[in-house]
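# Observations on the model geometry
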Amino acid sequence: MTMRSRILLTAAVCALSLPAAVGASAQDAAEEGKLLFNNACRTCHSVNEGDNRLGPSLHGIVGRPSGAMERVNYSSALANGAVTFDEATLDRFIENPDAVASGHGMKPFGGIRSPEERAAIIAFLKSPS
Ligand code: HEC
């Protein structure tokens, strides 16, 4: 096999495996997000439905208005749908909760600076639990 045909063959194999790789990477992000969630959020939050701990359950949080869980004493910064957690808002909230909901009660959580880590956590929160 010539060098040129070897390169063409490699390119063809890569193109064929691309769709599978994209699917896998969304899954990988959710997997990585789960680890990050366990480290940064799970002390206070569960993703199981109705499982309110120190913080409210985050089951189905993406797209949900804030303050929607029963039996949680929300701060007025989040109560009664003060914020809607679409992906962009959730991203900013995880980066710096004060910027989205000044006066929130999610202390002493300090925010996650890395955009990749936040994206992975959001991918995990979006994945079925
Ligand atoms: C130290 C405990 C603690 C940690 C750590 C923590 N949270 Fe929270 N979280 C809370 C509390 C308490 C509230 C309710 C705050 C309020 O009412 O102002 C809350 C509220 C929230 C809300 C709003 C929920 C709703 O129903 O309105 C979201 C979203 C959220 N947290 C996401 C996260 C994510 C994602 C992480 C990890 C990156 C995290 N939190 C880490 C304690 C925590």
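Here the structure is shown first, and the text comes after it.
For clarity, every value in this text was computed on a predicted model and none was experimentally measured. (Residues numbered from 1 in each chain as written. Predicted model: local features only at pLDDT ≥ 70, side-chain atom pairs only at ≥ 80, totals over all residues. Heavy atoms only, no water.)

## A look at the packing of aromatic side chains
For the structure shown, the criterion picks out two aromatic pairs. With a centroid separation of 5.3 Å and 50° between ring planes, the pair formed by F37 and F124 is classed as tilted. One end of the pair, F37, is in helix α1 (residues 3-40); the other, F124, is in helix α4 (residues 115-126), with 87 residues separating them in the sequence. With respect to burial, F37 and F124 carry one shared label: buried. Geometrically, the ring pair formed by F85 and F93 is edge-to-face, given 5.1 Å between the ring centres and 65° between the ring planes. Taking relative accessible area as the criterion, F85 reaches 5% and is therefore assigned buried. (Phe/Tyr/Trp six-rings, centres within 6.5 Å; stacked < 30°, edge-to-face > 60°. Helix = DSSP H or I, 4+ residues; strand = E, 2+ residues; numbered from the N terminus. Buried < 20%, exposed > 50% of the residue type's maximum accessible area, 1.4 Å probe, protein only.)

## Some details on the coordination of the iron atom of the ligand
Within the protein, H45 (NE2) and M106 (SD) serve as the donor atoms for the iron atom of the ligand, at 1.9 to 2.1 Å. Coordination at the iron atom of the ligand is octahedral, judged from the six donor atoms that bind it and the angles of 84 to 179° they form at the metal. Of this pair, H45 sits in the loop between α1 and α2 (87-95) while M106 sits in the loop between α3 (97-100) and α4; the two residues are 61 residues apart in sequence, bridging distant segments of the chain. Assessed through its relative accessible area of 8%, H45 is described here as buried. (Donors = N, O, S within 2.8 Å, 3.2 Å for Na, K, Ca; no water. Tetrahedral: all angles 85-135°; square planar, octahedral: opposite > 155°, others 65-115°.)

## Here's the deal with unusual backbone geometry
A cis amide bond links K107 with the next residue in sequence, P108, at an omega value of 5°. Mapped onto the elements of the fold, P108 is located in the loop between α3 and α4. Residue R71 is not a glycine yet carries a positive backbone phi of 60°. Positioned with a positive phi, N80 is a non-glycine residue whose angle comes to about 55°. Within the secondary structure, N80 sits in the loop between α1 and α2.

## As for the site of the ligand
In the neighbourhood of the ligand, 26 residues make up the surrounding shell, with C41, C44, H45, S75 and M106 lying closest. Between the ligand and Y74 there is a distance of 2.7 Å, counted from an oxygen atom to a side-chain nitrogen or oxygen. Backbone polar atom of G105 to an oxygen atom of the ligand: 2.6 Å apart, as the coordinates give it. For the shell around the ligand, the element with the highest residue contribution is α2, accounting for three residues. (Near = heavy atom within 4 Å. Polar contact = N/O pair within 3.5 Å; in protein donor to acceptor, adjacent residues only side chain to side chain.)

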